[in-house]
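# Geometric and topological summary
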Amino acid sequence: PLKSPRTAAAAVAAAAAAGGTGRHRRSANKAALETHLETEVATGRGFLRPGSVRSSMINVSAAALGAGALALPRAIYYSGIVLGPLFMFVLAMLSIMSIKVIVQLVEVSGKDSYEEIAKVAFGPWFALLVEVNIILFCFGTAVAYMITVGQISQQVVQSLITVSASPVAAAGVEAWWMELLRPNTILTIVTVLILLPLSLLDSINDLRFASLLGVSCILYLIMVVVYVFA
């Protein structure tokens, strides 16, 4: 049953106070987070209330689409009109199979993370290997996305202030404007002002509005591509 906000707050405080070290502390943190999420779901209102099906779909869509909206047309271009859709169908079937296996593992093991499932199935060393792989994958993905953000943001800023990409400053534009157009500078500003605050949020539910904005931008990109190249 869902708890009232006052009861949930008391449960969070009790779980935090009972948290010791190591495994007990992680269990207490997990219980506190689950209680916090239950409170959000119980008291949430609106079209994208926390924990709702809509907010979950938006978050999953933002994670699934991403930069693939730019890479997929190029992949189809090189694969051809026959092999491209065929490869997409095969990959879709493999994705469905993998998701079903993951769901079955969660139900059988009673665990809800890759590391815990790997520990139950193959032991602690394999769980450590899985955790290291996840860290490397997330780090590499973050670096690739940041490079993409820096390059795209540079072009966006240049188009907004109508400055050419030439290293020589255009007429009437100060030198510091040209400094702002450097990819490293733009990437630093975007990272500090946008990416870092979003990364500090406690729950993925808090990203639902940012995910909605991202999905809207991807849909706009698709419409532009269809309009220009159709």
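What you see is a predicted model; the values in this text were computed from it and never measured.

### Observations concerning a nonpolar patch on the surface
- Taken together, L83, L86, F87, F89, V90, L91, M93, L94, I96 and M97 make up a surface patch of nonpolar side chains, about 940 Å² in accessible area.
- Residue placement: V90 occurs in helix α5 (residues 83–109).
- Taking the relative accessible area as the measure of exposure, V90 reaches 38% and is therefore partly exposed.

### So, the layout of surface pockets
- Its boundaries defined by the atoms lining it, the largest pocket holds a volume of some 2400 Å³.
- The wall of the largest pocket is formed by 48 residues, among which A62, G66, Y145, L195 and L198 lie closest to the centre.
- Looking at the lining of the largest pocket, the elements that each hand over two or more residues are α3 (53–65), α4 (68–79), α5, α6 (114–122), α7 (124–161), α9 (183–199) and α10 (208–229).
- Examining the composition of the lining of the largest pocket, we find that 13 residues originate from one element, α7, more than from any other.
- Split into classes, the residues belonging to the lining of the largest pocket amount to 34 nonpolar, eleven polar and three charged.

### Some details on the packing of aromatic side chains
- Scanning all chains against the criterion turns up two aromatic pairs.
- Summarising the aromatic geometry, the rings of Y77 and Y78 are spaced 5.3 Å apart at their centres and angled 80 degrees between planes, so their arrangement reads as edge-to-face. Note on accessibility: Y77 and Y78 belong to one class, exposed.
- Ring plane angle 50 degrees and centroid distance 4.7 Å describe the contact between F122 and F126, whose orientation is recorded as tilted.
- Relative accessible area serves as the criterion here: at 63%, F122 is assigned to the exposed category.
- The exposure class assigned to F126 is partly exposed, which follows from its relative accessible area of 35%.

### Considerations on α10
- The first and last C-alpha atoms of α10 sit 31 Å apart over 22 residues, in line with the 32 Å expected at 1.5 Å per residue.
- When α10 is considered as a whole, its buried residues turn out to be R208, S211, V215 and I218. End-on, the buried residues of α10 take up no more than an arc of 80 degrees, which puts them together on one face. With respect to the buried face of α10, the exposed residues turned more than 90 degrees away are L213, Y220, M223, Y227 and V228.
- Elements that come into contact with the buried residues of α10 comprise α3 and α4.

### Some thoughts on the side chain of S211
- Along the chain, the position of S211 falls in helix α10.
- A residue is classified by how much of its surface remains accessible, and S211, at 10% relative accessible area, is buried.
- In contact with S211, not counting residues within four places along its chain, are I58, N59 and A62.

### Describing the confidence of the model for the chain
- This prediction gives the chain a mean pLDDT of 74; 69% of its residues lie at or above 70.
- Mean pLDDT across the secondary structure elements of the chain bottoms out at helix α1 (residues 5–18), with 47, and peaks at α5, with 90.

### Describing the environment of L212
- Along the chain, L212 turns up in helix α10.
- Looking at L212, the relative accessible area reads 32%, which means it is partly exposed.
- With 157 residues separating them in the primary sequence, L212 and S55 have C-alpha atoms 8.4 Å apart.

### With respect to the side chain of R208
- By the element assignment, R208 lies in helix α10.
- D206 provides the closest opposite charge to the buried, salt-bridge-free R208, at an N-O distance of 4.4 Å.
- The contacts of R208, once residues within four sequence positions are left out, are L48, R49, P50, S55, I58 and N59.

### Overview of α3
- Here α3 contains 13 residues, and its C-alpha end-to-end distance of 18 Å stays within 8% of the 18 Å for a straight helix at 1.5 Å per residue.
- Elements that come into contact with the buried residues of α3 comprise α10.
- Positioned one or two residues after α3, G66 has a phi angle of 55 degrees, which is positive.

Scoring rules and cut-offs
- Just so you know, the residues in each chain are numbered from 1, in the order the chain's sequence is written.
- Residue-level local features of this predicted model are given only where pLDDT is at least 70; pairs of side-chain atoms are given and counted only at 80 or more, and the full residue set underlies all totals for whole chains, interfaces and linings.
- The basis for every side-chain value is the complete set of non-hydrogen atoms in the structure, without hydrogens or water.
- Grouping into patches uses exposed residues only, defined as over 30% relative accessible area, and leaves out salt-bridged ones; the cut-off is 9 Å for like charges and 5 Å for nonpolar side chains (Val, Leu, Ile, Met, Phe, Trp, Tyr).
- For the accessible areas, the method is Shrake-Rupley and the probe is 1.4 Å, while residue cover comes only from the protein chains on display.
- What counts as a salt bridge is simple: a side-chain nitrogen of Lys or Arg found within 4 Å of a carboxyl oxygen of Asp or Glu.
- Every helix listed is a DSSP run of H or I at least four residues long, and every strand listed is a run of E at least two residues long, numbered separately from the N terminus.
- Under the scheme applied here, a residue whose accessible area is under 20% of the maximum for its type counts as buried, over 50% as exposed, and between as partly exposed, the area being computed with a 1.4 Å probe on protein chains only.
- Definitions used throughout: a 1 Å grid over protein atoms alone; a cavity as a set of points that fits a 1.4 Å probe which cannot get out; a pocket as an open set with protein on both sides within 12 Å along at least five of seven lines; a lining residue as one with an atom within 4 Å of a point.
- Grid points are joined across faces, edges and corners, and a volume is the space filled by probe spheres set on the points.
- Put simply, Ala, Val, Leu, Ile, Met, Phe, Trp, Tyr, Cys and Pro go in the nonpolar bin, Asp, Glu, Lys and Arg in the charged bin, and everything else, Gly too, in the polar bin.
- Only rings of Phe, Tyr and Trp enter the pairing, Trp through its six-membered ring, and a pair is recorded when the two centres are within 6.5 Å. The plane angle decides the type: under 30 degrees is stacked, over 60 is edge-to-face, the rest tilted.
- The span you would expect from a helix comes to 1.5 Å times its residue count less one.
- Directions are taken from the helix axis to each C-beta atom, and the arc is the one they span.
- Any two residues having at least one pair of non-hydrogen atoms within 4.5 Å are treated as being in contact.
- Each residue carries a pLDDT value, the predictor's own confidence for that position, ranging from 0 to 100.
- Under the convention used here, Asp and Glu are negative, Lys and Arg are positive, and both His and the chain ends fall outside the count.

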